[in-house]
Amino acid sequence: MANSRFEYVKQYERMDRLLPETYIVIRIDGKGFHKFTKKHEFEKPNDLRCLSLMNAAAKVVMSEFTDIVLAYGDSDEYSFIWSKSTELYERRESKLVSHVCSLFTSAFVFNWTRYFDIPLLSLPSFDGRAVLYPSIFVLRDYLNWRQADCHINNLYNTTFWALIQKGGLTNTKAEEYLKGTVSSQKHEILFSQFHINYNNELEIYKKGSIWVRELEENESAPSKHQKYSTKQKRKMGLRLLHVSIIDNEFWNTRPYLSI
Ligand code: ATP
Ligand code: ATP
Ligand code: MG
Ligand code: MG
Ligand code: MG
Ligand code: MG
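Cut-offs applied
- Residues numbered from 1 in each chain as written.
- Chains lettered and ligands numbered in written order.
- Predicted model: local features only at pLDDT ≥ 70, side-chain atom pairs only at ≥ 80, totals over all residues.
- Heavy atoms only, no water.
- Helix = DSSP H or I, 4+ residues; strand = E, 2+ residues; numbered from the N terminus.
- Buried < 20%, exposed > 50% of the residue type's maximum accessible area, 1.4 Å probe, protein only.
- Contact = heavy atoms within 4.5 Å.
- Lys, Arg positive; Asp, Glu negative; His and termini not counted.
- Charge placed at Lys NZ, Arg CZ, Asp CG, Glu CD.
- Donors = N, O, S within 2.8 Å, 3.2 Å for Na, K, Ca; no water.
- Tetrahedral: all angles 85-135°; square planar, octahedral: opposite > 155°, others 65-115°.
- Salt bridge = Lys/Arg side-chain N within 4 Å of Asp/Glu carboxyl O.
- Patch = residues over 30% accessible without salt bridge, like charges linked within 9 Å, V, L, I, M, F, W, Y side chains within 5 Å.
- Areas by Shrake-Rupley, 256 points an atom, 1.4 Å probe, with all protein chains shown as cover.

Turning our eyes to something else, we now look at the overall build of the protein. Helices and strands together make up the secondary structure of the protein, namely 10 helices and 6 strands. Across its three principal directions, the C-alpha atoms of the protein cover 70 × 50 × 35 Å. Here the protein, with 259 residues, has 43% of them falling under the buried criterion. Long-range contacts, defined here as pairs at least 24 residues apart, represent 72% of the contacts in the protein between residues at least 6 apart. Each charge class in the protein was averaged separately, 35 positive and 31 negative side chains, and the resulting centres sit 3 Å apart.

If you want it as structure tokens, here you go:
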């Protein structure tokens, strides 16, 4: 009811416009997935069904919000990188974070049966936060941090579960065994005890997943200082990659990601 005596309550709402001309990163993370993965008897260390479901849910989010230029996911988390100049919902933090979280969650639930034979036994939910990065340099360091984290966790988990599944150790013994070991020692344990060459593990496990927008091959990409129009973005295909985003090559071949 407009102009009623109740309307003053609106003034209690908080302004939460995010600083303009900064990269908005929205990261979501599954709540209590340690327990969730046990309940649904996930394959350890990596259940490909869930990684594929996470990727499918992230694709839904990217298709809905064309101002997201890139997304990076691993384990039960996904980071969505927005164009610096987005004005969606006047950059209101609560609108952006809550839409990403709820759309991701409903897409995760909606697509569950495409990947799993067993029914959902509990209701998954995801938390979300927005972080602002002022330059491409810090944004890249953010992504480097997530991808390095994926690699470190995967090397640890691969060795940990090999010791249990192939070496017959208990969880506690495997943990003790790995305490204080560096990367090269984990590679060595995998190779000498279990004939596993870590380098041959699937790229999706080692590098995580990256969604980017790409034009069809016959269309030319904008140069460094041009932006894609909304119409162009809608026409672009979404491509899933499992490559290094730490290397310069990823960015040099996609200059339009940096604007
Ligand atoms: P929180 O609510 O604080 O996030 P959490 O239990 O979700 O708690 P995380 O730090 O997010 O803790 O870790 C996610 C857990 O889910 C890890 O134990 C990880 O191994 C597991 N996990 C996530 N995805 C997969 C997958 N595809 N296959 C196997 N395990 C997975
Ligand atoms: P926004 O994304 O800005 O919220 P919106 O279209 O959801 O846009 P709202 O102001 O939230 O706009 O209004 C919700 C709309 O949904 C109204 O048109 C309302 O009449 C309709 N609606 C919601 N619930 C019902 C319902 N149970 N039965 C009939 N119509 C409903
Ligand atoms: Mg956590
Ligand atoms: Mg979690
Ligand atoms: Mg997590
Ligand atoms: Mg509404």
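Past the structure itself, the notes keep going.
Our next topic: the coordination of the magnesium ion (ligand 4). Around the magnesium ion (ligand 4), the protein contributes the donor atoms D29 (OD), G30 (O) and D76 (OD), which lie 2.0 to 2.2 Å from the metal centre. Classification of the site at the magnesium ion (ligand 4) as octahedral follows from its 6 donor atoms and the range of 82 to 178° in their angles at the metal. Taken in chain order, the donor set of the magnesium ion (ligand 4) reads D-G-x45-D. On the accessibility criterion, D29 (22% relative accessible area) is partly exposed.

On inspection of all chains with the given rule, the structure shows 10 salt bridges. In this structure, the salt-bridge partner of D47 is R49, at a minimum N-O distance of 2.6 Å. On the accessibility criterion, D47 (5% relative accessible area) is buried. Residue classification places R49 among the partly exposed positions, given a relative accessible area of 26%. Across the salt bridge formed by E203 and K207, the nearest N and O atoms sit 2.7 Å from each other. Here the residue E203 and the residue K207 both occupy positions in helix α8 (residues 203-207), the gap between them amounting to 4 residues, near one helical turn. Classification of K207 as partly exposed rests on a relative accessible area of 23%. By sharing partners, the salt bridges in this structure join E77, R146 and D149 into a single network.

Our next topic: a nonpolar patch on the surface. A cluster of nonpolar residues, Y8, V9 and Y12, forms a patch on the protein surface that exposes about 390 Å² of accessible area. Positionally, Y8 belongs in the segment before β1 (23-30). Note on Y8: relative accessible area 47%, which makes it partly exposed.

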